[in-house]
Amino acid sequence: MNATDLRADILKHLEFSLGKDLAHATLYDIRMALTLAVRDRVVTPWFAATRATYAAKSKRVYYLSMEFLIGRLLEDAIHNLGLMQAAQEAMTSLDADFAAVLADEPDAALGNGGLGRLAACFLDSMSTLGCPGYGYGIRYEHGLFRQSFHEGRQVEEAENWLRQRHGWEFERPEAAFQIGFGGSVSEAGKTALWTPGEAVIAKAYDTPTIGWQGKWANTLRLWGAEPVRAFDLAAFNQGDYAGAAGLEAAARTISRVLYPDDTTDTGKELRLKQEFFFTAASLRDIVRRFQAEHSDLRALPTKAAIQLNDTHPAIAGPELVRILHDENDMPLDEAILTARATLSYTNHTLLPEALERWPEALMARVLPRHMQLIERIEDTHRSAYPKSAVRIVEGGDVKMGELSFIMGHKVNGVSALHSDLVKTTVFAELHALHPDRIINQTNGVTPRRWMLGANPRLSALITDTISSGWVADLERLRELEPHVADAGFMAAFADAKRANKVELSNWFGHEHGQSVDPDAMYDVQIKRFHEYKRQHLNILETIALWTEMRDNPNAGWTPRVKIFGGKAAPGYVMAKEIIHLINDVATVINADPVTSQWLKVVYPPNYNVSMAEKLIPAADLSEQISTAGKEASGTGNMKFALNGALTIGTLDGANVEIREQVGAENFFLFGMTAPEVVACRENPEHQADAIKASPRLKAALKLIEKGIFSDGDDKRYKAILKNLRKHDYFTVCADFDSYYDCQRQVDAAYRDADQWMRMAALNTARSGWFSSDRTILGYMADVWDIKPMI
Ligand code: B1N
């Protein structure tokens, strides 16, 4: 594919799809014309893949997820299709700034954090590996809110990615299902007839997801909610315009906005309706596709593998039983077995507040037939295991984790440590009954986006050194290891890192008016704000370090830039106060003439996928400092190691496996282990004892209390201080000294620039195992029983 053809197609789309001539084209027009020209090139392999799957009547994977945190698609598609050079040349010939065109695309932020981003990496890997499959989710009109800071406080604004045309999707008016809620259930022989009281239409929007080198493409099918009838004409004719539109608004509300909470159970009726809406529409589509190829629904598990991304689509269990039993007359026991053989469930968290429970009364009102079937599923479980104390319905709540476990043939955790904790904590009793059901599939990240796209400099060096096979076989990065002894390679590796840092510093300069020294260590913590992730541990250490620098200005300090990024759920008060504190501390420290040559704090607002793509390649140090036992896996940790940052971290989630892969000598470990944290909490004075034992921590808390970072306001951080001094469930205080000391080891290591770079290069060379291609191959073999089609 050459630049001339691409250019001609861009001009054709500009004229015929966008109705513009080149002289009047805006940046948006150029970007959209390029998008459509690239999309045209996705369609042929997409059709070929779909036809091959139909022809072979292959088994397909269906990945059901409330969230797909995709980010931008244009650059990724250009890379996957091998069009980078052609696109660059075409843009130059049209006098367009290619980087600006790519940056004009809004992020598709249909997710909160790791869980949604994992789903997006999985789509990429499934297409790269030729695993036939579909992602199913919701086409939210508004994705994750936009964050800004007003006097250091987080302010949320609605995000509006669909204000512009979404260039990648195909609307499918013919693929629409009516989805009901409420109503009543009547007996109909052995089965039952559910007559919903209200209904909406789920309409499909398809986005092709192209794999590496364009060899395969799958479909991401997102459902948008629409009213069954457009509006109430009679009301309109009587002049009641608002009333006439009310029906439409109520229906569209279902796909209006992404819930911005991760890790809390919001318990809202609208959330339950969203979950049922997309799950029911997806199941109807899956069963329809099956029935077009096969007649006997008992064979469903041999042709469809449905993965539940956490419990959000857990209603798939009872809904599939309802379809098989009520609508297709399969005996109930057989329907339950068939559904179980089709479904499997991934658990992403053990935090009790994130384990979904729905009040029985709400479930019975919104989904009356499903509530009955949940009771039948529970009866079946109880008659099979009369001694088991496990209940799906307990204390007036339906527990979606138990339901998912019982209705899935495999349950997986997302890192080795987390899967072990799943076995020994939340699902210990169910694990004893079903010892083969819980398995581990450690998460991964796609190297196409997180190395090739985000870090072109390092990618070029890797390709020059070991050729390009690593992009689809990331473990080949191990071939870099011998080159770590080669001064030429190491100089090039260091140059790539430094150039990434200069670029980031320039971006900080224009976007946030604060460029930073590229020779300082870039120390980065980017992730959602949550007490368990302990951004407050990091900022307390920053305060202690600043104090130490002021007290000993001649101690030969290692220059550092502390970089933060991330959003807090709008209702999570403590997390928002931690954000405020970081911004306040930044203001004071950055203005200090004594320390500013060594220490800066930068916190750009509105962290998202595109910002991660800028920050990660420029990082020297990756902060993975959660309370051990709380971060199920983490995936940012993998992206940093891959891009040659060293980790400072606890033995939590996938950190454990990262340390095993890269070598303990190339990882900065601190803090208590998960069992030590549990033991520590047995002492109700653990925080007080830790503060007493640590003059530095005590002094840092005191500075906050005195209002040093809040213009003398000694009340502003009362809640944080009280929590740390009295309660500190996340053991910030107990881990503080260990973290502080470890950071000083980091300082010393960074001063030996050559040795640091060798450790960084070994992190890159040994992170290949964290490719999501490896994860997906694991799911295909151990959960889905599917073979690659290419
Ligand atoms: O899932 C990621 C993991 O890498 C992270 O460690 C984990 O925290 C994250 C309720 C969640 N767990 N649970 C959620 C998201 C949305 C929501 O409404 C919970 N996210 C995770 C991928 O495995």
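Residues numbered from 1 in each chain as written. Predicted model: local features only at pLDDT ≥ 70, side-chain atom pairs only at ≥ 80, totals over all residues. Heavy atoms only, no water.

### A look at the overall build of the protein
The line we're drawing: Segments assigned H or I by DSSP are reported as helices when at least four residues long, segments assigned E as strands when at least two residues long, and all are numbered from the N terminus. The quantity called the radius of gyration is restricted to C-alpha atoms. Its globule counterpart is 2.2 Å times the number of residues to the power 0.38. Exposure categories follow from relative accessible area, calculated using a 1.4 Å probe and restricted to protein chains: below 20% of the type maximum is buried, above 50% is exposed, and the middle band is partly exposed. Residue contacts are counted whenever heavy atoms from the two residues lie within 4.5 Å of one another. Accessible surface is estimated by sampling points in the Shrake-Rupley manner with a 1.4 Å probe; for residues, cover comes only from the protein chains shown. When charges are tallied, Lys and Arg are placed among the positive residues and Asp and Glu among the negative ones, while His and the ends of the chain are skipped. Charge placement uses NZ in Lys and CZ in Arg. For Asp and Glu, CG and CD serve respectively.
Along its length, the protein carries 32 helices and 24 strands. In terms of overall size, the protein behaves like a compact globule, its C-alpha atoms giving a radius of gyration of 27 Å where 790 residues would be expected to give roughly 28 Å. The principal-axis extents of the C-alpha atoms in the protein amount to approximately 85 × 70 × 65 Å. By residue count, 61% of the 790 residues in the protein fall in the buried class. Restricting the contact set of the protein to residue pairs at least 6 apart, pairs at least 24 apart contribute 77%. In the form shown here, the protein has an accessible surface area of approximately 29200 Å², with 52% of it arising from carbon and sulfur atoms. For the protein, the distance from the average position of its 86 positive side-chain charges to the average position of its 103 negative side-chain charges is 2 Å.

### So, the site of the ligand
Quick reminder of the rule: When at least one non-hydrogen atom of a residue lies within 4 Å of a molecule or strand, that residue is treated as near it. Contacts described as polar in this section are N or O atom pairs within 3.5 Å, which, within protein, must combine one atom able to donate a hydrogen with one able to accept it, while residues neighboring in sequence count only if both atoms come from side chains. When residues are grouped by polarity, Ala, Val, Leu, Ile, Met, Phe, Trp, Tyr, Cys and Pro land in nonpolar, Asp, Glu, Lys and Arg in charged, and all others, Gly among them, in polar. As used throughout, domain bounds are those supplied by an automatic or database domain assignment.
Taken together, 19 residues sit near the ligand, with His 348, Asn 443, Glu 631, Ser 633 and Gly 634 positioned nearest. In the model, an oxygen atom of the ligand is placed 2.6 Å from a nitrogen or oxygen of the His 348 side chain. Within the contact set of the ligand, an oxygen atom lies 3.3 Å away from a side-chain nitrogen or oxygen of Tyr 532. Its free accessible area being 500 Å², the ligand has 96% of it covered by the protein chains. Top contributing element to the shell around the ligand by residue count: helix H6 (residues 114–129), with three residues. Of the residues contributing to the shell around the ligand, the split by class is five nonpolar, nine polar and five charged. When residues of the shell around the ligand are assigned to domains, at least three fall in each of domain 2 (58–72 + 112–443 + 776–784) and domain 3 (516–764).

### Details of the sheet that holds strand E4 (residues 133–138)
To keep things clear, this is the line we draw: In short, DSSP must find at least two bridges between two strands for them to pair. Geometry is summarised by axes, namely lines fitted to C-alpha atoms with helices restricted to the contacting stretch, and by angles between N-to-C directions that run from 0 to 180 degrees.
Spatially, the nine strands line up as an open sheet ordered E7-E10-E11-E4-E1-E12-E13-E17-E18, and their pairing is mixed. Of all strands in the sheet, those with a lone pairing partner are strand E7 (170–181) and strand E18 (438–440), marking the two edges. Sheet twist, expressed as the mean angle between neighbouring strand axes with direction ignored, is 25 degrees. Against the sheet, helix H8 (residues 241–253) touches strand E10 (198–210) and strand E11 (217–227), its axis set at about 145 degrees to E11. The strands that helix H16 (residues 416–424) touches are strand E17 (411–413) and E18; relative to E18, the one it contacts most, it runs at about 170 degrees.

### Here's the deal with the sheet that holds strand E14 (residues 357–359)
Here we have three strands laid out as an open sheet, ordered E14-E16-E15, and antiparallel in their pairing. Each of the sheet's edge strands pairs with one partner strand only, and the pair in question is E14 and strand E15 (393–394). Note that E15 and strand E16 (residues 397–399) share two bridges and pair antiparallel. Counterpart to Val 393 in the pairing with E16 is Val 398. Its contacts with the sheet put helix H15 (residues 400–407) on E14 and E16, and the angle it makes with E16 is roughly 45 degrees.

### Observations regarding the packing of aromatic side chains
What counts here: In summary, the pairing rule links any two rings of Phe, Tyr or Trp, Trp by its six-membered ring, whose centres are within 6.5 Å, and it sorts them by plane angle into stacked for under 30 degrees, edge-to-face for over 60 and tilted for everything else. Any Lys NZ or Arg CZ that is within 6 Å of a ring centre and within 35 degrees of that ring's normal is treated as a charge sitting over the ring.
Inspection of every chain in the model, using the stated rule, returns 27 aromatic pairs. Their ring planes at 45 degrees and their centres at 4.9 Å tell us that Phe 670 and Tyr 739 sit as a pair that is tilted. In this pair, Phe 670 is assigned in the loop between strand E24 (668–669) and helix H26 (674–680) and Tyr 739 in helix H30 (residues 732–751), connecting sequence segments 69 residues apart. Each member of the pair, Phe 670 together with Tyr 739, is buried. A cation sits over an aromatic face here: Arg 39 above Phe 170, 3.9 Å from the ring centre. Here the basic side chain of Lys 639 rests over the ring of Trp 450, its NZ or CZ set 4.1 Å away from the ring centre.

### Some points on the nonpolar core
Definition in use: In this text, buried Ala, Val, Leu, Ile, Met, Phe, Trp, Tyr and Cys residues form a nonpolar core when linked through side-chain atoms within 4.5 Å.
Core analysis: the biggest nonpolar cluster contains 170 residues, and Leu 34, Ile 78, Ile 179, Phe 277, Met 363 and Trp 784 have the highest contact counts within it. In this structure, Phe 149, Trp 557, Leu 646 and Tyr 717 belong to the second largest nonpolar core, which totals 80 residues.

### Some details on the pattern of salt bridges
Side chains that differ in sign of charge can pair as their charged atoms come close. The line we're drawing: Salt-bridge detection follows one rule: a side-chain nitrogen of Lys or Arg within 4 Å of a carboxyl oxygen of Asp or Glu.
The tally for this structure, following the rule as stated, stands at 56 salt bridges. Between Asp 592 and Arg 550 there is a salt bridge; the shortest N-O distance is 2.4 Å. Here Arg 550 lies in helix H21 (residues 535–551) and Asp 592 lies in the loop between helix H22 (573–590) and strand E21 (599–602), a separation of 42 residues in the sequence. A relative accessible area of 43% places Arg 550 in the partly exposed class. Three or more residues are tied together by salt bridges with common partners; here these are Arg 172, Asp 206, Arg 221, Asp 285, Arg 288 and Arg 289.

### Considerations on the pairing of strand E13 (residues 343–346)
A regular strand places its side chains so that they alternate between the two faces of the sheet. Judged by which residues are buried, E13 turns out to be covered on both faces: Leu 343 and Tyr 345 on one side and Ser 344 and Thr 346 on the other are all buried. Bridge analysis of strand E12 (residues 304–309) against E13 gives four bridges, and the strand direction is parallel. Each residue of the ladder has a partner; that of Asn 309, found in E13, is Thr 346. Bridge analysis of E13 against E17 gives two bridges, and the strand direction is parallel. Looking across to E17, one finds that Tyr 345 is bridged to Val 411.

### Describing the UniProt feature "modified residue: N6-(pyridoxal phosphate)lysine" (unreviewed entry) in the protein
Inclusion rule: UniProt positions are given in the numbering used here, feature names are shortened, and annotations may be inferred rather than shown by experiment.
Summarizing the sequence annotation, UniProt attributes the feature "modified residue: N6-(pyridoxal phosphate)lysine" (unreviewed entry) to Lys 639 in the numbering used throughout. Take Lys 639: it is sitting in helix H24 (residues 636–642). Not counting residues within four places of it along the chain, the set of residues in contact with Lys 639 comprises Arg 117, Val 445, Trp 450 and Ile 616.

### Observations concerning the packing of helix H1 (residues 3–16) against helix H2 (residues 27–56)
Note the cut-off: Put simply, angles under 35 degrees are roughly parallel, angles over 145 are roughly antiparallel, angles from 65 to 115 are roughly perpendicular, and the rest are oblique. In this scheme the handedness of a crossing depends on how the near helix is turned from the far one: anticlockwise by less than a right angle means left-handed, clockwise means right-handed.
Where H1 meets H2, the closest approach of the two axes is 8 Å, and the angle between their N-to-C directions is 120 degrees. Looking at the two axes, H1 sits oblique to H2. When the axes of H1 and H2 are compared, the crossing they make is right-handed. Two secondary-structure elements touch here, H1 through Asp 5, Leu 6, Asp 9, Ile 10, Lys 12, His 13 and Leu 14 and H2 through Asp 29, Ile 30, Ala 33, Leu 34, Leu 36, Ala 37, Asp 40 and Arg 41. When the residues that make up the contact of H1 with H2 are grouped by side-chain class, the tally is eight nonpolar, one polar and six charged.

### Quick look at the environment of Lys 190
Among the secondary structure elements, Lys 190 is positioned in the loop between strand E8 (184–188) and strand E9 (191–195). The spacing of Lys 190 and His 325 is 135 residues in sequence and 9.1 Å in space, taken between C-alpha atoms.

### Some words on empty space enclosed by the protein
Short version of the rule: Using protein atoms alone on a 1 Å grid, points that fit a 1.4 Å probe yet trap it form a cavity, whereas open point sets bounded by protein on both sides within 12 Å along at least five of seven lines form a pocket; residues with an atom within 4 Å of a point count as lining. Grid points are joined across faces, edges and corners, and a volume is the space filled by probe spheres set on the points.
All told, the structure shown has eight cavities of 30 Å³ or more when counted by the stated rule. Estimated volume of the largest cavity: approximately 240 Å³. Of the residues belonging to the lining of the largest cavity, the class tally is ten nonpolar, four polar and four charged.

### Looking at the pairing of strand E19 (residues 521–526)
Formally: Crossover handedness is defined here as right-handed if the route from the first strand over the helix to the second strand goes clockwise, with the strands pointing away from the viewer.
Buried residues dominate E19, accounting for six of its six residues. In E19, alternate side chains face the same way, and those of Met 521, Asp 523 and Gln 525 on one face and Tyr 522, Val 524 and Ile 526 on the other are all buried. Pairing geometry for E19 and strand E20 (residues 560–565), over six bridges, is parallel. Counterpart to Tyr 522 in the pairing with E20 is Val 561. Between E19 and its parallel partner E20, the chain crosses via H21, and the hand of that crossover is right-handed. Here E19 runs beside strand E22 (residues 621–624); their pairing, made up of two bridges, is parallel. When the sheet's bridge partners are listed, Asp 523 is paired in E22 with Leu 621.

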